[in-house]
Amino acid sequence: QVQLVESGGGLVQAGGSLRLSCAASGSVASINVMGWYRQAPGKQRELVAAITSGGSTNYADSVKGRFSISRDNANNTVYLQMNSLKPEDTAVYYCNAARRSPGYIRDYWGKGTLVTVSS
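Below, the structure is looked at part by part. (Residues numbered from 1 in each chain as written. Predicted model: local features only at pLDDT ≥ 70, side-chain atom pairs only at ≥ 80, totals over all residues. Heavy atoms only, no water.)

1. A closer look at the pairing of strand E2 (residues 10–13)
Part 1 of the reasoning: In E2, alternate side chains face the same way, and those of Gly10 and Val12 are buried while those of Leu11 and Gln13 on the opposite face are not.
Part 2 of the reasoning: Here E2 pairs with strand E11 (residues 113–118) via four bridges, running parallel. From the neighbouring strand, valine 12 faces E11, where its bridge partner is valine 117. (Buried < 20%, exposed > 50% of the residue type's maximum accessible area, 1.4 Å probe, protein only. Helix = DSSP H or I, 4+ residues; strand = E, 2+ residues; numbered from the N terminus. Pairing = 2+ DSSP bridges.)

2. What about unusual backbone geometry?
Part 1 of the reasoning: Notably, asparagine 76 is not glycine yet its phi reads approximately 50 degrees, a positive angle.
Part 2 of the reasoning: Topologically, asparagine 76 is positioned in the loop between strand E7 (67–72) and strand E8 (77–82).
Part 3 of the reasoning: The residue serine 84 is not glycine, and still its phi comes out positive at about 50 degrees.
Part 4 of the reasoning: Along the chain, serine 84 turns up in the loop between E8 and strand E9 (91–101).
Part 5 of the reasoning: Relative accessible area serves as the criterion here: at 42%, serine 84 is assigned to the partly exposed category.

3. A short note on the pattern of salt bridges
Part 1 of the reasoning: This model, assessed by the stated rule, comprises five salt bridges.
Part 2 of the reasoning: Put simply, lysine 64 and aspartate 61 hold a salt bridge, and the shortest N to O gap is 3.2 Å.
Part 3 of the reasoning: As a salt-bridge pair, arginine 100 and aspartate 107 come within 2.7 Å of each other at their nearest N and O atoms.
Part 4 of the reasoning: Residue arginine 100 is classed as partly exposed on the basis of its relative accessible area of 38%.
Part 5 of the reasoning: Looking at aspartate 107, the relative accessible area reads 30%, which means it is partly exposed. (Salt bridge = Lys/Arg side-chain N within 4 Å of Asp/Glu carboxyl O.)

4. As for the sheet that holds strand E1 (residues 2–7)
Part 1 of the reasoning: The sheet built from four strands is open, its strands ordered E1-E3-E8-E7 with antiparallel pairing. Every interior strand has two partners, whereas the edge strands, E1 and E7, have only one. Going across the sheet, the axis of each strand differs from the next one's by a mean of 15 degrees, ignoring polarity.
Part 2 of the reasoning: Pairing analysis gives six bridges linking strand E3 (residues 18–26) to E8, with the strands arranged antiparallel. Paired with alanine 23 across the strands is threonine 77, a residue of E8. (Axes fitted to C-alpha atoms, helices over the stretch in contact; angles between N-to-C directions.)

5. Concerning the environment of alanine 14
Part 1 of the reasoning: Looking at where alanine 14 falls in the secondary structure, it is placed in the loop between E2 and E3.
Part 2 of the reasoning: Taking the C-alpha atoms as reference, alanine 14 lies 20 Å from isoleucine 69; in sequence the two are 55 residues apart.
Part 3 of the reasoning: Sequence-distant contacts of alanine 14, that is, excluding residues within four places in its chain, are made with Leu85, Pro87, Val117 and Ser118. (Contact = heavy atoms within 4.5 Å.)

All we've got here are geometric facts, nothing functional implied.
See below:
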């Protein structure tokens, strides 16, 4: 079992910055990708950013150039640095850890942390 705990959410004005943290514990050795998803009221949950065990990253088009995902392997922690925040970034952000292979897929989720960007 993998447990994920997010932190760093809060209220910020447009143009500001926040850094989200996700601390993983448990059977983390099997995880090969971690990332951040977000879900705003009335909208579908969407991938924000992800990073693989090999260091490859990908971002949603809406956050490219503004957000950056990184990891601290020694501490099993993933970060999401969010700069130039916009009101449309307001959402609950969920940390995700997954094992994705041809014959095996498993996902773990944190409880989420709320990010509110005021205009």
